[in-house]
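# Per-entry structural report
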Amino acid sequence: MNSAAIYGCSGPVLTEEERTFFADVRPWGFILFRRNVDNPEQVLRLTSDLRDSVGWDAPVLVDQEGGRVQRLGPPHWCKYPPGDAYLKATNDWLAARELARLGGRLMAHDLKAVGINIDCAPVLDVPTPGAHDIIGDRAYARDPATVAQMGRAVAEGLLAGGVLPVIKHMPGHGRAFADSHKELPTVHADLDALDNWDFAPFKALSDMPIGMTAHIVFTAIDNKRPATQSKKAIKLIRDHLGFGGLLLSDDLCMNALSGTLTERAERSLKAGCDLVIHWTGDMAEMRQVAEGVHRLKGGAAKRAEVALARIVHTPEPLDVREARDRFDALLGGRLDASKGPDVGEAQAPASSRANAR
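Described below are features of the structure shown in this document. (Residues numbered from 1 in each chain as written. Predicted model: local features only at pLDDT ≥ 70, side-chain atom pairs only at ≥ 80, totals over all residues. Heavy atoms only, no water.)

In this section: the overall build of the protein chain. A tally of regular secondary structure across the protein chain gives twelve helices and twelve strands. On the principal axes, the C-alpha backbone points of the protein chain span a range of 50 × 50 × 35 Å. The proportion of buried residues among the 357 residues of the protein chain is 59%. For the protein chain, the accessible area works out to roughly 13200 Å², and carbon and sulfur atoms hold 52% of it. Across the protein chain, the mean location of the 43 positive side-chain charges is 4 Å away from that of the 47 negative side-chain charges. (Helix = DSSP H or I, 4+ residues; strand = E, 2+ residues; numbered from the N terminus. Buried < 20%, exposed > 50% of the residue type's maximum accessible area, 1.4 Å probe, protein only. Areas by Shrake-Rupley, 256 points an atom, 1.4 Å probe, with all protein chains shown as cover. Lys, Arg positive; Asp, Glu negative; His and termini not counted. Charge placed at Lys NZ, Arg CZ, Asp CG, Glu CD.)

Take a look at the structure:
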């Protein structure tokens, strides 16, 4: 039986210590970051080794939104635009929706080729004036209806290519005036305001297989605990937003959370998250997380099974070169989206902005 955790690893090659640890704790899945990415052959070998370490076809996740949140990039993978580029390029929401779906389909092609089958996208957060720019251009638009339409287009493109989307950050990060990587944001809006703005895209995409929580305190829901660790907030996600899918915590290492990593994992799972994510690949930290993680069972195990059943193993047909040329043409050539072969080079450690989740 698998544990209710998703772990990263330290570099582009799985170490023997990591292999032994993963075989022992049997995480449900793994997540890759820039430190794990060199070239397509290396990434494919790493995803295979990660699965071998636990003895089953475990899910492998990545954050591949485009823009500043793109773990696989040039020269081996294409550069994709940030979320707000689709509307800027077209000035028409119907054309933007078509372009966003195409972008999702192309990203799925890239990811599936190297053994990645879950993408932590689309972002369904809707920024408000003056909010922290940790979301910023990652948002598809500045109104809930358009965000929902664009987010669904990206999700449908990913699904058609055999990659599961993860809607984030539930129940909404767009109103936060702080970066949850660095500190705990608190949102004071009332429930009506939240329902009409922040919650709306998540309600519209409540049928998606996987969601990710926000490390934010919403005083109208629970004035003491961030949503990730709040039974009240997760009940709202389930009952009011109508989300019945697999629910992941955002990264446990973010400074919005307090306590030891063991305590963070325990609190998140106790509140109702199905799985917790730890991304650093630091072995000492992973051992702490493992102490706070139980086996995946009951409703959480069923939701995990249902989510994985949504993976299409024969992707929608795609002429990759034609699709990339069309994608670049629709973008007006602004981002050189079609440059580079179909199948990233090792990259320097990124700032917390670039490592945004």
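The tally for this structure, following the rule as stated, stands at 22 salt bridges. Salt-bridge contacts for Glu316 lead to Arg105; the nearest nitrogen and oxygen are separated by 3.6 Å. Taken together, the residues span a long stretch of sequence, with Glu316 in the loop between α11 (298–308) and α12 (320–330) and Arg105 in helix α4 (residues 93–113) at a distance of 211 residues. Given a relative accessible area of 5%, Arg105 falls into the buried group. Through salt bridges with shared partners, a single network forms among Asp63, Glu65, Arg71, Arg138 and Lys168. (Salt bridge = Lys/Arg side-chain N within 4 Å of Asp/Glu carboxyl O.)

We now examine empty space enclosed by the protein. Size it by volume and the largest cavity reaches roughly 60 Å³. When grouped by side-chain class, the residues that make up the lining of the largest cavity number five nonpolar, three polar and three charged. (1 Å grid on protein atoms, 1.4 Å probe; cavity = no way out; pocket = protein on both sides within 12 Å on 5 of 7 lines; lining within 4 Å. Points joined across faces, edges and corners; volume = space filled by probe spheres on them. Nonpolar A, V, L, I, M, F, W, Y, C, P; charged D, E, K, R; others polar.)

The volume enclosed by the largest pocket comes to roughly 200 Å³. Lining the largest pocket are Arg51, Trp56, Asp57, Pro59, Lys112, Gly115, Ile116, Asn117, Gly162, Leu308, Ile311 and His313. Residue composition of the lining of the largest pocket, by class: five nonpolar, four polar and three charged.

Turning to the sheet that holds strand β7 (residues 164–170), a few remarks are in order. Within the closed barrel, the eight strands sit side by side as β1-β2-β3-β6-β7-β9-β11-β12. Their pairing is parallel. Summarising the sheet, strand β1 (residues 3–7) and strand β12 (residues 275–278) pair through three bridges and their orientation is parallel. When the bridges of β12 are listed, Tyr7 appears paired with His278. Lying on the sheet, helix α2 (residues 40–54) is in contact with β2 (27–32) and β3 (60–62); it crosses β2 at an angle near 165°. (Pairing = 2+ DSSP bridges. Contact = heavy atoms within 4.5 Å. Axes fitted to C-alpha atoms, helices over the stretch in contact; angles between N-to-C directions.)

This part covers the packing of α4 against helix α5 (residues 144–160). In contact at an axis separation of 7 Å, α4 and α5 are set at 30° when each is read in the N-to-C sense. If you check the angle between α4 and α5, you find them roughly parallel. When you trace α4 past α5, the crossing you get is right-handed. Packed against α4, whose contacting residues are Trp93, Ala96, Arg97, Ala100, Arg101, Gly104, Arg105, Met107 and Ala108, the element α5 presents Gln149, Met150, Ala153, Val154, Glu156, Gly157, Leu158 and Ala160 at the interface. When grouped by side-chain class, the residues that make up the contact of α4 with α5 number ten nonpolar, three polar and four charged. (Parallel < 35°, antiparallel > 145°, perpendicular 65-115°, else oblique. Left-handed = near helix turned anticlockwise from the far one by under 90°.)

Among the nonpolar cores identified, the biggest contains 105 residues, and Phe22, Ile116 and Leu248 are the most heavily contacted of them. With residues near it in sequence (within four places) discarded, Ile116 still touches Leu32, Val43, Thr47, Val60, Leu61, Val62, Leu72, Leu111 and Val163. (Core = buried A, V, L, I, M, F, W, Y, C linked by side-chain atoms within 4.5 Å.)

Before going further, it helps to spend a moment on the packing of aromatic side chains. Evaluated as defined, the whole model comprises seven aromatic pairs. Taken together, the aromatic side chains of Tyr7, Phe21, Phe22 and Phe30 make up a single cluster linked through ring pairs. (Phe/Tyr/Trp six-rings, centres within 6.5 Å; stacked < 30°, edge-to-face > 60°.)

Orientation of helix α1 (residues 16–25) relative to helix α10 (residues 283–291), taken along the N-to-C sense of each, is 5°, at an axis distance of 12 Å. Regarding the angle of α1 to α10, the classification is roughly parallel. Residues Glu17, Glu18, Phe21, Phe22 and Val25 of α1 lie in contact with α10, whose contacting residues are Met283, Met286, Arg287 and Ala290. Of the residues belonging to the contact of α1 with α10, the class tally is six nonpolar, no polar and three charged.

Turning to the side chain of Asp63, a few remarks are in order. Tracing the chain through its elements places Asp63 in the loop between β3 and β4 (64–66). Classification of Asp63 by relative accessible area gives buried; the value is 0%. Only 3.0 Å separates the side chain of Asp63 from the side chain of Lys168, close enough to count as a polar contact. (Polar contact = N/O pair within 3.5 Å; in protein donor to acceptor, adjacent residues only side chain to side chain.)

What follows is about the environment of Ala227. Of note, Ala227 is situated in the loop between β10 (217–218) and α8 (231–239). C-alpha of Ala227 to C-alpha of Ser249: the two residues are 22 residues apart in sequence and 9.3 Å apart in space. Other than its neighbours up to four places away in sequence, Ala227 contacts Met170, Pro171, Ala214, Ile216, Phe218, Ala233 and Ile234.

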